[in-house]
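A closer look at the structure
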Amino acid sequence: MWKSLELFLLCTFPVLLFWFIFYCSRRNAQQNRKPSYRIENLSAVCNGNDGSVKVTWSLNPPDILTNYFISYRKQFEPTSCSRLSLLQSYQLTREHIEPLNVYEIKVWPSNCEAAASSVTVYIDWYCQFPGCERSRRKREEKSYSAFCSPKHAAKFGASYCLYPECTVKSHDNFCSERHLEKAKREGVCGLVILDNASGQCEKLMKKFSKNWCSKKGNVPKISHVFEIVNPKLQQRLDNYISKLSWPYNGVEQYYHGTQIKCDMLDYYEPCSKSNCGVCGISKRGFDPQRINSTSWQRFGKGFYFAPNSSKSYDYPRATHNVTDKYHCMLVCDIAPGCKYTLYKDDPSIQGPPKGYHSIYGSSRWLWGLWKSPDMNYDELVVFDSEAIRPHYILFLENNS
Ligand SMILES: [Zn+2]
Ligand SMILES: [Zn+2]
Ligand SMILES: [Zn+2]
């Protein structure tokens, strides 16, 4: 019995050993074998106008039945994404890749990664100003200026359509009814810097100094004026006005001091920071969610405006290092409707009484003979954000 077992092992062991060596050598050979084909002529060409990259290659020897994997990753970043292409080309757009970054692009036939070839490419994205081939500037995380410089932003805003990425010349803010309608729907907000010598600007400056109270010192110098172009908010105001009846359907201009947290004077475009009051209001209007519910409010929880430019100047100055030498103020078009006038503080108010649309806090009464004990300056409180349209941003040089 033992004898036959020994004999059996003796016979099978060399066979198994031989088979094992044969298997291992074959496996090795398979792994070492160079692929019979290679990716050649891999090129990645960036189109600076839209920040896309066209990747092309060829297979040697050719095989029309092969398809390909394309992987791309930002230089120095481990994450990588793959796509499948059935042709010998692939278009990477800004959905896939972030502009102003170096990417490593790798292509291989779907059945053999060892045949891969790779290339690095800098993804540029040119300034939107037609003909300018300088790169756009990066602002905050994943947010880009549309221009290379404030100079090009200003020039563009003055003579081109403000719909994003449209480069059609236009005397109005939008090139066509179609772009205006789209801008209304999508809430497009553009800033146009005004020429300080223009009639529009001079009118604003004149009004500003007229509404400045001399007790507050000298009238500060207005250094920059931006017009806020926001068709959605304009339409919202127009709709609101259409519901008011004469003589309460007029529009008045008021001042509103608020914080700016960005470098607007370095970009001439609104930012996307959530705490930047000026840009948030310019883009989305006044937000009822943001009414400060904890602090004391003279006439309850509404939006506060001043007919005096000096009153709004008391609000905090800009805090960004580019803009901290300025005060920022919004000039808003408001449809106050029928105003309910109050001469004394009343923080418990929830809104205007029935039949009225806003509250007007008046500091004086009887042709100025009687002076309010609570208020030094007049204030308008609006409870419906649809009645307000931010129209201009004023940058004022600090007079202190
Ligand atoms: Zn440019
Ligand atoms: Zn357009
Ligand atoms: Zn901002």
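Residues numbered from 1 in each chain as written. Chains lettered and ligands numbered in written order. Predicted model: local features only at pLDDT ≥ 70, side-chain atom pairs only at ≥ 80, totals over all residues.

**Some words on the overall build of the chain**
- A tally of regular secondary structure across the chain gives eight helices and 18 strands.
- Taken over C-alpha atoms, the radius of gyration comes to 33 Å for the chain, far larger than the 21 Å a tight globule of 400 residues would show.
- Considering only C-alpha atoms, the chain reaches an extent of 130 × 60 × 45 Å along its principal axes.
- Scored against the burial criterion, the 400 residues of the chain give a buried share of 32%.
- Considering only contacts within the chain whose residues lie at least 6 apart along the sequence, 64% involve residues at least 24 apart. (Helix = DSSP H or I, 4+ residues; strand = E, 2+ residues; numbered from the N terminus. Rg over C-alpha atoms; globule rule 2.2 N^0.38 Å. Buried ≥ 20, exposed ≤ 12 C-beta atoms within 10 Å, placed from the backbone. Contact = placed C-beta atoms within 7 Å.)

**Brief notes about the sheet that holds strand S8 (residues 190-193)**
- The five strands are arranged S8-S9-S18-S12-S10 in an open sheet whose pairing can be described as antiparallel. A single partner strand is all that each edge strand has here, and the edge strands are S8 and strand S10 (252-257). Adjacent strand axes in the sheet meet at a mean angle of 30°, parallel and antiparallel pairs treated alike.
- Sheet topology note: the strand S9 (residues 222-229)/strand S18 (residues 388-397) ladder contains five bridges and is antiparallel. Looking at S18, one finds that phenylalanine 226 is bridged to isoleucine 393. (Pairing = 2+ DSSP bridges. Axes fitted to C-alpha atoms, helices over the stretch in contact; angles between N-to-C directions.)

**Notes on the sheet that holds strand S5 (residues 89-92)**
- Pairing in this open sheet of three strands is antiparallel, and the strands run S1-S2-S5 from one edge to the other. Of all strands in the sheet, those with a lone pairing partner are strand S1 (38-47) and S5, marking the two edges. In this sheet, adjacent strand axes meet at a mean angle of 15° when their direction is disregarded.
- Here S1 runs beside strand S2 (residues 52-60); their pairing, made up of eight bridges, is antiparallel. Each bridged residue has a counterpart across the sheet, and for serine 43 the counterpart in S2 is threonine 56.

**Digging into the packing of helix H3 (residues 177-186) against helix H5 (residues 231-242)**
- Axis separation between H3 and H5 bottoms out at 7 Å; the angle between their running directions is 80°. With respect to their mutual orientation, H3 and H5 come out roughly perpendicular. Residues Leu180, Ala183 and Lys184 of H3 lie in contact with H5, whose contacting residues are Pro231, Lys232 and Gln235.
- For the contact of H3 with H5, the residue count by class is three nonpolar, one polar and two charged. (Parallel < 35°, antiparallel > 145°, perpendicular 65-115°, else oblique. Nonpolar A, V, L, I, M, F, W, Y, C, P; charged D, E, K, R; others polar.)

**Details of unusual backbone geometry**
- Backbone torsion omega between asparagine 60 and proline 61 reads -5°, so that peptide bond is classified as cis.
- Considering the arrangement of structural elements, one finds proline 61 in the loop between S2 and strand S3 (68-74).
- Tryptophan 246 connects to proline 247 through a cis peptide bond whose omega is 0°.
- Position of proline 247 among the secondary structure elements: in the loop between H5 and S10.
- Located in the positive-phi region is leucine 100, a residue other than glycine, with phi close to 60°.
- What makes leucine 100 partly exposed here is the crowd of 14 C-beta atoms within 10 Å.

**With respect to the nonpolar core**
- Core analysis: the biggest nonpolar cluster contains 68 residues, and Phe305, Ile334 and Val382 have the highest contact counts within it.
- Broken down by element, the residue count for this core peaks at seven residues, all from strand S12 (residues 326-334).
- Sequence-distant contacts of phenylalanine 305, defined by excluding residues within four places in its chain, comprise Tyr254, Tyr255, His256, Cys332, Ile334, Glu379, Leu380 and Val382.
- If you look at the next biggest cluster of nonpolar residues, it comprises 18 residues, including Ala44, Tyr103, Val107 and Ala115. (Core = buried A, V, L, I, M, F, W, Y, C linked by C-beta atoms within 7 Å.)

**Topic: the environment of tyrosine 343**
- With respect to the element layout, tyrosine 343 can be found in the loop between strand S13 (339-342) and strand S14 (358-361).
- Exposure remark for tyrosine 343: the 17 C-beta atoms within 10 Å place this residue in the partly exposed category.
- Distance from tyrosine 343 to phenylalanine 174, taken between C-alpha atoms, is 44 Å for residues 169 residues apart in sequence.
- Ignoring any residue separated from it by four or fewer positions in sequence, one finds tyrosine 343 in contact with Ser362, Trp365 and Ser372.

**Topic: the environment of serine 272**
- Position of serine 272 among the secondary structure elements: in the loop between helix H6 (264-267) and helix H7 (277-284).
- On a C-alpha basis, the gap between serine 272 and glutamate 141 in space is 9.6 Å, while along the polypeptide they are 131 residues apart.
- Aside from chain neighbours lying at most four places away, what touches serine 272 is Glu140 and Ser143.

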